[in-house]
Every structure is written in C-alpha cells, then in structure tokens.
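# Analysis of the macromolecular model
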Amino acid sequence: MAGVTTPPPPPVALGDLSAERQEMFTQRLHRWWPDLHDALTSLYGREATSRGAQLVSLAAQAFRDRSAALHRRDLQRMLRPDWLQEPSMVGYAAYTERFAGDLRGVAAEIPYLSDLGVTYLHLMPLLQPREGDNDGGYAVADYRSVRPDLGSMDDLEDLAASLHGDGISLVLDLVLNHVAREHAWARAARSGDTAHREFFHVFPDRTLPDQYEQTLPEVFPDFAPGSFTWDDEVDGWVWTTFNEWQWDLNWANPAVLEEFASIILALANRGVDVFRLDAIAFMWKRMGTDCQGQPEVHAITQALRAVTRIACPAVAFKAEAIVAPSKLLAYLGQGRYTGKVSDLAYHNSLMVQVWSMLATRDVRLAAHALSHLPTKPASSTWLTYLRCHDDIGWAIQDEDAAAVGVEGHAHRSFLTRWYAGQFPGSNADGLVFQYNPATDDGRTSGSAASLLGLATAQSDAEVDLAARALRLAHALVIGWGGIPVIWSGDELGQSNDPNWAEQPGHEDDNRWAHRPRLDRERHDARHDLSTTAGRVFDDLRGLIRVRSALPHLHGSIESRIGPVDDPGVLVTVREHPLGTFVGLHNVTPTWRSWPGHRAHELGVDSSRDELTGASLTWGEDGNVWLEPYAVVWLTT
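Below you will find a few notes about this structure.

Conventions we followed
Residues numbered from 1 in each chain as written. Predicted model: local features only at pLDDT ≥ 70, side-chain atom pairs only at ≥ 80, totals over all residues. Heavy atoms only, no water. Helix = DSSP H or I, 4+ residues; strand = E, 2+ residues; numbered from the N terminus. Rg over C-alpha atoms; globule rule 2.2 N^0.38 Å. Buried < 20%, exposed > 50% of the residue type's maximum accessible area, 1.4 Å probe, protein only. Contact = heavy atoms within 4.5 Å. Areas by Shrake-Rupley, 256 points an atom, 1.4 Å probe, with all protein chains shown as cover. Lys, Arg positive; Asp, Glu negative; His and termini not counted. Charge placed at Lys NZ, Arg CZ, Asp CG, Glu CD. Pairing = 2+ DSSP bridges. Axes fitted to C-alpha atoms, helices over the stretch in contact; angles between N-to-C directions. 1 Å grid on protein atoms, 1.4 Å probe; cavity = no way out; pocket = protein on both sides within 12 Å on 5 of 7 lines; lining within 4 Å. Points joined across faces, edges and corners; volume = space filled by probe spheres on them. Nonpolar A, V, L, I, M, F, W, Y, C, P; charged D, E, K, R; others polar. Parallel < 35°, antiparallel > 145°, perpendicular 65-115°, else oblique. Left-handed = near helix turned anticlockwise from the far one by under 90°.

A word on the overall build of the protein. Of the regular secondary structure elements, the protein holds 23 helices and 23 strands. Computed over C-alpha atoms, the radius of gyration of the protein comes to 25 Å, within 12% of the 26 Å expected from 2.2 N^0.38 for 636 residues, which places it in the range of a compact globule. Counting only C-alpha atoms and orienting by the principal axes, one finds that the protein spans roughly 75 × 60 × 45 Å. Here the protein holds 636 residues, and 60% of them are scored as buried. Long-range contacts, defined as pairs at least 24 residues apart, comprise 71% of the intrachain contacts of the protein with a sequence gap of at least 6. Counting only carbon and sulfur atoms, one obtains 50% of the accessible surface of the protein, whose full area is about 23,900 Å². Each charge class in the protein can be summarised by its mean position, and for the 55 positive and 84 negative side chains these summaries are 5 Å apart.

Spatially, the 4 strands line up as an open sheet ordered β18-β19-β20-β23, and their pairing is antiparallel. Lying at the two open borders of the sheet, with one neighbouring strand each, are β18 (560–561) and β23 (631–635). Bridge count for strand β19 (residues 569–576) against strand β20 (residues 579–586) is 8 bridges, and the pairing is antiparallel. In the sheet register, V571 faces β20, and the bridge partner there is L584. Contacts between helix α20 (residues 460–478) and the sheet are confined to β19, β20 and β23, with β23 contributing the most and set at about 35 degrees to the helix.

Bringing empty space enclosed by the protein into the picture now. Under the defined criterion, the tally for this structure stands at 7 cavities of 30 Å³ or more. Of the voids in this model, the largest cavity is the one considered here, and its volume is about 70 Å³. Along its surface, the largest cavity is lined by L216, P217, S227, W239, T241, F282, K285, D290, C291 and Q292. Within the lining of the largest cavity, the residues separate by chemical class into 5 nonpolar, 3 polar and 2 charged. Estimated volume of the second largest cavity: approximately 60 Å³.

For the rest of this paragraph, the subject is the layout of surface pockets. Taken as a whole, the second largest pocket encloses approximately 670 Å³ of empty space. Residue lining of the second largest pocket: 37 residues in total, with G132, D133, N134, D135 and G136 positioned closest to the centre. At the level of elements, α5 (96–100), β3 (127–129) and β8 (228–231) are the ones that each hand at least two residues to the lining of the second largest pocket. A breakdown of the residues in the lining of the second largest pocket according to their chemical character gives 10 nonpolar, 13 polar and 14 charged.

What follows deals with the packing of helix α15 (residues 348–360) against α20. Axis separation between α15 and α20 bottoms out at 11 Å; the angle between their running directions is 150 degrees. Considering the angle they form, α15 stands roughly antiparallel to α20. Pair α15 / α20 crosses with right-handed handedness. Here L350, V354, M357 and L358 of α15 come into contact with α20, specifically with L472, A473 and L476. In terms of residue class, the contact of α15 with α20 is built from 7 nonpolar, no polar and no charged.

What follows is the structure, encoded as structure tokens:
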C-alpha cells in the first residue's frame, strides 16, 4: 500500500540548504520512515500518516538547525555504528553539583575523567525540577531549561562541545512516564485547559482507579502508597505512580509523543549523545495488568528513535527498565521491534549477582542465573554497573534460587541484612531502604566501599581485603562486555555520607547516603598509592586501561559462564574472532583453585594475565591457584 511506506516529501524548511544536505535528509527519511509509520500505526491507527508528517517536520527543523560539528558527529557514527560497543567505552555517573558544583565545574574536571579513562559521562537529572522534594530531579518542571544553580542551556551546550573534544559522550536523563505537578502542561490542566487535561490520566471518581489498583504494585510504599492522588484544582484523581507531585502522562494521546520528540531533538542539538529513558516500563496503562512493559512502550520508543535517527543519528537511547530478566530484552528489541528501540539497557541481573556472590562467597547461584539469561541482539549493548544512584533491589528469581538449593525469599532477606551489617560476620555498613515488615522485603543503600567493608576496616589486613574485593567487583562489571559505568566516588573508595539526612527533603530517603559529594582531598590524592583513595583509583584505572585495549570485550560478544569447579570461583568466557577471553574471579578471602585441565581445554594454559603480565600460578597438584579476591584476565 503506497500510503503505508512512502514517506512525505521533504519539508520546505530545507529549501535553503545545499543539494547535498537535502539529499542526506531525504535518504535518512526513506530509511527510517517505515519504522516511524509502523510504530505510529500501532499506537494511533489511522492518524499514523498525518502524525508522522508532523514528526518529520520537527525532524527537518532540527536537522536544519544542527551545527556543523554535530552533523560531522552524525556522519562519524553512521560510519561506526558499533561505537557504543567498543571496549574503549567506559562510563561515569554523577550528580553535577555533587561532582563539581555546576556545569562549568564539570568542564574543569574533564582532565580528571580522562585520567580515569572515562568516555561516557552520565550527569544525573539537571533539567529544571519542581521546587522542594523532587525525587532527585526526576520530577521535571521544564525540559527546556537547566537548573539555575547548575548553569544554563548554553553552559550545557558548551560542556557537551568540550566533552566531545576529549572523546567523551554526554548522557542525560529523559523522564518519560511523568512530569512534575508544576510543569506547564499540568498547570494548564489544573486551570481548566481541556487539551492539556488529556495529557494526563484524570478520573472523576475512584471507580477506575480502584479497578486498576487491584493489579498495580506500589513503588514507594513507605512514603507514596497507592497510584492515584486526588487534586482539587483538576477536580479528579490523577495517576501518580511514584509520588503525588509526579503526574503520569497519557501516551495514548499523540500530542504527548510530539512534545517529547521536540524535546529530544532540541537537547540533541545542544550536544546530548545518549538519553537515559527513565521509568520507561510504566508509560502505557492497561487494565488488569501491572501497567509495566506493555507492547505500546516499545512502539513509542521505536517512533521516538526513528524521528531521532532522521534528524541526528549520532544519538542513542538507553532503557532504564529494572525488570525481570525474561522481560528485559524487549527493551533492546525482540520480534517486530528487533533493532528498532533502545541501544542500551541496564544489566540489573549482573549487578545483583555480583553482590550476592560477594556476600555468600559462592558463585553457584550467579552462575546459574547468568547462564539462563536470554541472548541480547548483537546490535545492542549492556550497561553494566556495580551500583548506581538508586538503591539495590534484591531481584533474585525464586526459580534460580531453587535450582541451586536456595530459598529465594530467605536469600533476599539475607542479602538485605548482610549489607546492613546485621548478619554475623558482615563488615558491611549499608542501610535498609523501603523495608516492608509485612513481607520482610527490603532494599539496600550504600556506597561500594561501605557495602564491602572498606569504610569500616580497622587494620591494614582488613583494608587490603576490602580493596581487593572492590577491585574484583569492578572487574566483574568491566570485563563482562557492554559499557561499564562507575558511580561517582567509588573510584576513590568513598564511604557513605554520614550527614545525608541533614539536607531538607533528603531526611526520608537514605539513598542520599550513597550520593556523597566528591571528596576533594581523595580526588587530589588519587595518585598517592600510599592512600586508600590512590590504591582504589589505580586499581580501577588499570582495569579500564587494559579493557580498552582488548577487542575481546567488544559489546557485540556475549559472555558465557564456564563450569563451576570450585564454588568460590566464577569463570567467564568470551569467544571473539581474534581469540578467546577467560576471566577468573575468586569471590572469597581465601586461596582457591581452578582445574588445570580447564586452562588446557580453553587454550590459556600458557597465557599471561592481561592485567598484571604475570604467568598463571600453577600448584604441584596441576591446578591454577588464585589468591584472595583474585581477578585474572587471560586471552588466546
């Protein structure tokens, strides 16, 4: 059918561009129009063609306004479509104000980031939020301005250009599920504007909300129970999944999609390289479900990605979807959405299993769980991490636990207590977040150093073991493949902020404990190997430097788990066309062995450790011996 796949003619807005530039836009339009039209048809039916034409006009205007430097970046990345998968991609995440004060301060810290080996910088929400409590910036009041204390949009654009000059990509959050109650759209709805009321889910009484809530989980049961809030001004019950001042958007209204397409294109033209699509799972509502991960979520992402590809193909999407492993790959593209949605997704399972191994000093649960993950599309990439700004939710699947003789709920409860220092033998100094006494479920807050006992170590021997454990944990994340992201402060071994509750609005949210301001004294001592900060920084920088030179760690290659011969040793294997990568990880504070016949089978018996240059430590028993918390990277 001609009307389905034939794109509209290039908008007249391009008329004053060169013939070559117009041809470039036309070719992109022909390439991405089928994806755009298909997604819009799924969402809006017969309106797809007209809505698509409107989105193409937005893309054309953004293309026309895009700077020469960013057009050049588009071309470079079109020629290297695997740029996100290269081993040199290493991330760092921080709150701007806690890392460097403001955007100009971040620009001044580019040498520090380059020193560590960072090529991907994720700055936490910096667009204008509501005043007062704002969920760490995720209650956005204006997507087109920067928080005044951090700078201006011009400062953001200048920072992006400076980062690009040093080979660093800029990543920003884009909150898709909701806006602040103070956002202009919500203000208009409260003032009686019918069109903007349709931007939200507003109900005149509790009939439908009560029906929805029969199957809706509570995200923050402690301080935001329920999923609906009565608002006098709008005279109705508003859908508020996260907080009463965060209004869920109605993505069934095509005007919402058009607004966000415009926002994405404007920020991309400021130099943003990657958008972290926050709370993406919650965007589409369907009665009788948990309203997470509905098929329309992926159609929305496909539509936004297609528009972005037409105007600025250097830009990528990252799905913030902390869901069960069986549901995660849909955000990277499955079935009709393969290769058409997000380019990156968080590997939550790896993060949880790393902490589980370190607490139990046993790899069997992790080996089983990680071995049974479905294979991701080769064109997409994992975002791996040891922790992030959020709490750690103990997403241990009951069936995985049962497969290795463990009861799932008991194990999750153990992890909560272990990392809060409430279990015999634990030296962790974390905090329990959102504990539910009715279900005995809890989550964990804490910096990596605090969770691993580095912050509470009393002797040189304890410091040494904790630092070894931190290096091992980072190595598991950095050596898995994809883009590893370090949370600010962990590269210096920073502990929890003891004064986290003193700032107004933070007192009920102990996640602020693991979001400390970067310690300038540690920052300045990072090359002094006699200090803990220096040791941790040097360990991490060494891992990053070696990773960047190993093609085996290209993100298109999958890691697989090797046989578990010793429950204290996790083996990872990556088969690259240039050779095999084998990672050995002793997750215990004691010496452990790896069977020598495995080394011979994998062809690494004569290999040297890529991290240290040392030969394997062979015992008289013919096995390879690994020191406490050892990590060894071998290649053929």
